[in-house]
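Working through the structure, step by step
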Amino acid sequence: MDFKKAIPEIEKKIHYTFKDKSLLTQAFTRSSFCNEHRAVGRKEYISNEVLEFFGDSVLSTAIISMMLKEKTERYEHGIYTGLDEGDFSNIRSKLSDKRNLSRSMATLGLQKYLRMGEGDAKLGIENEPSVMEDLFESIVGAVYIDCGMDIARVIKVVSGMLDVSAYFSGEAAPIQSYKNALQEWCADKKHRLPTPVYKTVSESGPDHKRIYERAVYIGDRAVATGKGKNQKLADAAAAEAALEILKSESVKAAPVSLEALTKLKNYAAQNKSPSPEFRDLGETPSSNANSREYIIECRCMGKSASATGRSKQEARALAAEKLLSELMPKKVYAKPAKKAKPTEKKPLSVKKPLSEKKQIHKNAKKSEKCPSPKKQSYQHKKHL
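Remember, it's a predicted structure, so these values are computed and weren't measured experimentally.

Description of the packing of helix 4 (residues 49-71) against helix 8 (residues 129-146)
Closest axis-to-axis distance for the helix 4/helix 8 pair is 7 Å, and the angle between their directions is 80 degrees. By the angle between their axes, helix 4 is roughly perpendicular relative to helix 8. Here Leu-51, Glu-52, Phe-54, Gly-55, Asp-56, Val-58 and Leu-59 of helix 4 come into contact with helix 8, specifically with Asp-134, Phe-136, Glu-137, Ser-138, Val-140, Gly-141, Ala-142, Tyr-144 and Ile-145.

See the structure below:
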């Protein structure tokens, strides 16, 4: 794909024309693309990771600026607002939520212009929610630098890509944080679990691109871990993973679906093909914090199938079962029939022993039919 030809279309969709086109190009360049081209001696390509880092902070500033404009008023004693700190925090969480950002990129169709390595392209990672979220933040960072750090100009771009008015008017569907959802799950009467506690496991990466790993504990059990650019994002990732684990434990997938995962892997090995690959396609439109529905795509031997489930594990199993039914002949992949009840065998009839007189009579008849060899030879000689 010639990215230069795609630039006018991208600028039209985000309602911003770049003065420096190289910033827009960099915003759409993943590290895998740079690594492949460095291998052949070209070092001028730089990934969008730095722009993503700037864009993350700029997006928060833009959202706060919009909240100040829409929900506050200046008066002689300072600012007046009918909302409290929790309300503002909820609005900010809704707007900057990764599902919201990735949904925006998918609606605009900007992920198809990503420049990536061949390996990423084969896996189709451009449709991963986390990848689309990174792209959104990279675009915001590029616009901020290109417009001379004019936050008012950034707000126009962000407002065009996100449906900001719906969130301020309260018309947008509620987006509950994973931490709150996990806490409600544990407090539910059906489960009655201790309150989740989050602890730092490790910190890695340079100062400008720190990665935090946090674990969520429920009682003495470390249920799951999560990573993020800051502790808040790491906690959210850990809470999301913990919710999935707890729900999969409470709702077991059907045995046939679980069998399909193993059968598909074995079938691929028999045909000397790579093991099946699974791709997370996000959540269904009807999914919410209390009732998640995940979409997983399964790819194997040149074919693919997708399925939805109440947990990612269940969705993976159902997708594998669906793909297996397409790959294997119907006679080979038939659901096991119910075993018929074994028929009761009738006991063999035992013959009653003959009485003494009947046995003598029977033996006499046999001797008449079959004369002994000595008698036969004697009669033969006499005749001669």
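What to know about the sheet that holds strand 5 (residues 221-228)
The antiparallel open sheet is built from 3 strands, whose spatial order is 3-4-5. Each having just a single partner strand, strand 3 (197-204) and strand 5 make up the two edges of the open sheet. In this sheet, neighbouring strand axes are inclined to one another by 25 degrees on average, regardless of whether the strands run parallel or antiparallel. Taken together, the 7 bridges between strand 3 and strand 4 (residues 211-218) define a ladder with antiparallel strand orientation. Each residue of the ladder has a partner; that of Ser-204, found in strand 4, is Ile-211.

Description of the packing of helix 6 (residues 98-108) against helix 8
Viewed as axis vectors pointing N to C, helix 6 and helix 8 meet at an angle of 80 degrees, and their least axial separation amounts to 8 Å. As summarised for this structure, helix 6 and helix 8 are arranged roughly perpendicular, according to the angle between their axes. Residue-level contacts link Lys-98, Leu-101, Ser-102, Ser-104, Met-105 and Ala-106 of helix 6 to Pro-129, Met-132, Glu-133, Leu-135, Phe-136, Glu-137 and Ile-139 of helix 8. The class makeup of the residues in the contact of helix 6 with helix 8 is 8 nonpolar, 2 polar and 3 charged.

Notes on the pattern of salt bridges
Per the counting criterion, the structure on display carries 7 salt bridges. The salt bridge involving Lys-179 is made with Asp-235; its shortest N-O contact spans 3.5 Å. Of the two residues, Lys-179 is situated in helix 11 (residues 178-187) and Asp-235 in helix 12 (residues 231-250); the sequence distance between them amounts to 56 residues. Of the charged contacts, one joins Glu-297 and Arg-299 as a salt bridge, the two residues approaching to 3.3 Å between their closest N and O atoms.

Some points on the packing of aromatic side chains
Here the structure, examined in full by the defined rule, presents 3 aromatic pairs. Pairing Phe-3 with Phe-28 gives two aromatic rings, centres 5.6 Å apart and planes at 45 degrees, and the pair type is tilted. Of this pair, Phe-3 sits in helix 1 (residues 3-14) while Phe-28 sits in the loop between helix 2 (21-27) and helix 3 (31-38); the two residues are 25 residues apart in sequence, bridging distant segments of the chain. Take Phe-3 and Phe-28: they sit in the same class, and that class is buried. Over the ring of Phe-3 we find Arg-115; its NZ or CZ atom is 5.8 Å from the centre of that ring. In this structure, Arg-316 packs its charged tip against the face of Phe-278, placed 4.1 Å from the ring centre.

Here's the deal with the pairing of strand 4
The buried count for strand 4 comes to 6 of 8 residues, which makes it a mostly enclosed element. Here strand 3 hands over to strand 4 after 6 residues, with Gly-205 in that stretch at a positive phi of 90 degrees. With 7 bridges joining them, strand 4 and strand 5 adopt antiparallel strand pairing. Within the sheet, the bridge partner assigned to Val-216 lies in strand 5 and is Ala-224. In this antiparallel pair of consecutive strands, strand 4 and strand 5, the connection spans 2 residues, and Gly-219 shows a positive phi of 70 degrees.

Conventions and cut-offs
Residues numbered from 1 in each chain as written. Predicted model: local features only at pLDDT ≥ 70, side-chain atom pairs only at ≥ 80, totals over all residues. Heavy atoms only, no water. Axes fitted to C-alpha atoms, helices over the stretch in contact; angles between N-to-C directions. Helix = DSSP H or I, 4+ residues; strand = E, 2+ residues; numbered from the N terminus. Parallel < 35°, antiparallel > 145°, perpendicular 65-115°, else oblique. Contact = heavy atoms within 4.5 Å. Pairing = 2+ DSSP bridges. Nonpolar A, V, L, I, M, F, W, Y, C, P; charged D, E, K, R; others polar. Salt bridge = Lys/Arg side-chain N within 4 Å of Asp/Glu carboxyl O. Phe/Tyr/Trp six-rings, centres within 6.5 Å; stacked < 30°, edge-to-face > 60°. Buried < 20%, exposed > 50% of the residue type's maximum accessible area, 1.4 Å probe, protein only. Lys NZ or Arg CZ within 6 Å of the ring centre and 35° of its normal.

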